[in-house]
Amino acid sequence: MPIETTASVVAEVPDGAELLAVPYTSDLSPEVELHLPVSDLLAHYEAKGEAGEIIEVPVARAGGVGRVLLYGVGDGSPRALRKAAAALARRAKGRDTLTVVPPEGDVAAFAEAALLAAYSFKIGSEGKKPVRALTFAGADAAQVRRAQVVAQAVALARDLTNTPSSVKDPAWLAERAAERGVPVRVWDEEQLQADGFGGILAVGKGSASPPRLIQLSYTPAEPTDRHVVLVGKGITFDSGGLSLKPTENMKTQKTDMAGGAVVIAVLGALAELGAPVRVTGLIASAENMPSGTSQRPSDVIRHYGGRTVEVLNTDAEGRLVLADALAYADAVLDPDAVVDIATLTGAITVALGRNVGAVYASDDVLAKQLLDAAETSDDRLWRMPLIEDYRPALESSIADLANVESGSRFGAGSITAALFLREFAGRRPWAHLDIAGVGRSTVDEGTLTKGATGFGVRLLLEWLAGA
Ligand code: BES
Ligand code: MN
Ligand code: ZN
């Protein structure tokens, strides 16, 4: 379900607004006339002006009691404003309309965070509903509109990712992709076979739901030569395959198509944001299941373009489907840059935790662009190294490569996975985002809702369509 909360702009605070949020600054003064003893109230509640702090004041309104929410804005930075906005949207849960006097500063970030905090995914009808409407008084309509487009794209990625795997198989994902309003091409299992996508086929072999490769194409209104390819991991459920996961690790793996969901959502939002670059999205989708038709540890597969891989662990399946898509992008699509996004390794959660995603890059300019977009968009990234010494971890005695290290001499599971992908990206500027740690949230807090985060949508939209 998309974000149901609406966002609109009015010129001035309407008379008698029932629920009204007003910022106060570090000198503890609000910026509109409220006919309230504001400084006494703030002193009484020992308000500090921090972002996320809200002083709720009941006020007389025609027909009953209204509320003014005096909210802190911290240092006024985009990060602080996001925190303030999320706290307000959460406080307004179950209410009809929240009228907001926006703070000084980045209103787009503020509105975007308020909308994201109002996201919910419920199968069933228990619990308080998100606030129905947000009205920003005196805000720039274009900025609020932009925030809405971005927030809805994040919500779409979250929805796809939160959907149970009993519903979302690769064909279902292809149908959702086809609804985005951009040209789509889908390879079914026969076409995958005909074109030699051996990695995607091998991973999908054990499932009753066959794999798909999905391609989405965005062309800007103004013709341009610049072409970016985004590749998303679209494993609709990762049981591990015959290298079966224990239940504790398996139960979160409906979110293993989070990268693919991000690519679908981004491709659907580029036109509305007027992105000036051509973008092709590839979603390599399969369900990784154990059965009598599954691939086995020790099988050798042949990827798109002919390279062979010895599959030593069927649970290292993401790199197998991505390798086909990366090789295809390099051989056929002729992009200026390729960025893949994938819930690739549990190891990256050990390294960077749940708040910061990993970026690996073969190119410093591309890395810098993504790190800058991460900073602006609040999808935070840290650059990880492609350590050449660890490359021998991927050697196989019978195939061109092995999909995992056979011993534990090198370790560094996220780095060796990135080194594997690099083999298929060709010589083009390439970056890999490992979002296994940040793809899902364990808390309902701030702009995050428990479950899928949509991490990467804001980052990639900022990179491709940012100001
Ligand atoms: N989908 C998992 C990675 C993952 C783990 C995502 C936890 C989200 C949360 C991936 O396919 C996987 O199983 N990776 C293995 C690689 C190993 C077999 C080399 C892992 O991380 O254990
Ligand atoms: Mn796996
Ligand atoms: Zn996986």
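Since the model is a prediction, treat every value here as computed from it, not as a measurement.

**Q** Explain the overall build of the chain to me, and be specific about the residues and the numbers.
**A** In terms of regular secondary structure, the chain is built from 14 helices and 19 strands. Rg of the C-alpha trace for the chain: 24 Å, near the compact-globule value of 23 Å for 467 residues, within the 12% margin. Here the C-alpha coordinates of the chain stretch approximately 80 × 50 × 40 Å along the principal axes. Taken over 467 residues, the chain has a buried fraction of 55%. The long-range fraction of contacts in the chain, counting pairs at least 24 apart against all pairs at least 6 apart in sequence, stands at 76%. For the chain, the accessible surface area stands at approximately 19200 Å², while carbon and sulfur atoms represent 49% of it. Once the 45 positive and 59 negative side-chain charges of the chain are each reduced to a mean point, those two points are 4 Å apart.

**Q** How would you sum up the coordination of the manganese ion (ligand 2)? Please name residues and give values.
**A** Bound to the manganese ion (ligand 2) are the protein donor atoms Asp238 (OD), Asp315 (O), Asp315 (OD) and Glu317 (OE), situated 2.0 to 2.2 Å from the metal. Seen from the manganese ion (ligand 2), its 6 donor atoms lie at angles of 71 to 167°, and the figure they make is irregular. For the manganese ion (ligand 2), all donor residues lie on one chain, and their spacing in sequence is D-x76-D-x1-E. Taken as an interatomic distance, the gap from the manganese ion (ligand 2) to the zinc ion (ligand 3) is 3.2 Å; aspartate 238 donates to each of them. Of the two residues, aspartate 238 sits in strand 9 (residues 227-238) while aspartate 315 sits in the loop between strand 12 (308-310) and helix 10 (318-333), which places them 77 residues apart along the sequence.

**Q** Summarise the site of ligand 1; cite the residues concerned and give the values.
**A** Taken together, 15 residues lie near ligand 1, and Lys245, Asp256, Asp315, Glu317 and Gly346 sit nearest. Separating an oxygen atom of ligand 1 from a side-chain N or O atom of glutamate 317 is a distance of 2.9 Å. In the environment of ligand 1, an oxygen atom lies 2.7 Å from a nitrogen or oxygen atom belonging to the backbone of glycine 346. For ligand 1, whose free accessible area comes to 520 Å², the fraction covered by protein is 75%.

**Q** Give a description of the environment of leucine 244 that names residues and reports values.
**A** Take leucine 244: it is sitting in the loop between strand 9 and helix 8 (247-250). Distance from leucine 244 to lysine 205, taken between C-alpha atoms, is 15 Å for residues 39 residues apart in sequence. Filtering out sequence-adjacent residues up to four positions away, leucine 244 remains in contact with Ser239, Met250 and Pro290.

**Q** Summarise the packing of aromatic side chains; cite the residues concerned and give the values.
**A** In the structure shown here, the tally under the stated rule is 9 aromatic pairs. Taken together, a centroid distance of 5.8 Å and an interplanar angle of 25° make the contact between tyrosine 71 and phenylalanine 110 stacked. With tyrosine 71 in strand 4 (residues 64-72) and phenylalanine 110 in helix 3 (residues 107-117), this residue pair connects regions lying 39 residues apart in the sequence. We classify phenylalanine 110 as buried; its relative accessible area is 1%. Ring centres of tyrosine 304 and tyrosine 328 lie 5.6 Å apart, and the angle between their planes is 90°; this geometry places the pair in the edge-to-face category. One end of the pair, tyrosine 304, is in the loop between strand 11 (300-302) and strand 12; the other, tyrosine 328, is in helix 10, with 24 residues separating them in the sequence. Exposure class is identical for tyrosine 304 and tyrosine 328. Each is buried.

**Q** I'd love a proper account of the coordination of the zinc ion (ligand 3), names of residues and values included.
**A** Ligation of the zinc ion (ligand 3) by protein atoms is provided by Lys233 (NZ), Asp238 (OD), Asp256 (OD) and Glu317 (OE), these donors lying 2.0 to 2.4 Å from the ion. Coordination at the zinc ion (ligand 3) is octahedral: its 6 donor atoms span angles of 78 to 173° at the metal. The sequence motif formed by the donor residues of the zinc ion (ligand 3) is K-x4-D-x17-D-x60-E.

**Q** Give me the packing of helix 2 (residues 78-91) against helix 3: which residues, what numbers.
**A** Across the interface, helix 2 lies against helix 3 with an axial gap of 7 Å and an inter-helix angle of 40°. Judged by the sense of rotation from one axis to the other, the crossing of helix 2 with helix 3 is right-handed. Residues Pro78, Leu81, Arg82, Ala84, Ala85, Ala86, Leu88, Ala89 and Arg90 of helix 2 form the contact with helix 3, whose own contacting residues are Ala109, Phe110, Glu112, Ala113, Ala114 and Ala117. Classifying every residue of the contact of helix 2 with helix 3 gives 12 nonpolar, no polar and 3 charged.

What counts and what doesn't
Residues numbered from 1 in each chain as written. Chains lettered and ligands numbered in written order. Predicted model: local features only at pLDDT ≥ 70, side-chain atom pairs only at ≥ 80, totals over all residues. Heavy atoms only, no water. Helix = DSSP H or I, 4+ residues; strand = E, 2+ residues; numbered from the N terminus. Rg over C-alpha atoms; globule rule 2.2 N^0.38 Å. Buried < 20%, exposed > 50% of the residue type's maximum accessible area, 1.4 Å probe, protein only. Contact = heavy atoms within 4.5 Å. Areas by Shrake-Rupley, 256 points an atom, 1.4 Å probe, with all protein chains shown as cover. Lys, Arg positive; Asp, Glu negative; His and termini not counted. Charge placed at Lys NZ, Arg CZ, Asp CG, Glu CD. Donors = N, O, S within 2.8 Å, 3.2 Å for Na, K, Ca; no water. Tetrahedral: all angles 85-135°; square planar, octahedral: opposite > 155°, others 65-115°. Near = heavy atom within 4 Å. Polar contact = N/O pair within 3.5 Å; in protein donor to acceptor, adjacent residues only side chain to side chain. Phe/Tyr/Trp six-rings, centres within 6.5 Å; stacked < 30°, edge-to-face > 60°. Axes fitted to C-alpha atoms, helices over the stretch in contact; angles between N-to-C directions. Left-handed = near helix turned anticlockwise from the far one by under 90°. Nonpolar A, V, L, I, M, F, W, Y, C, P; charged D, E, K, R; others polar.

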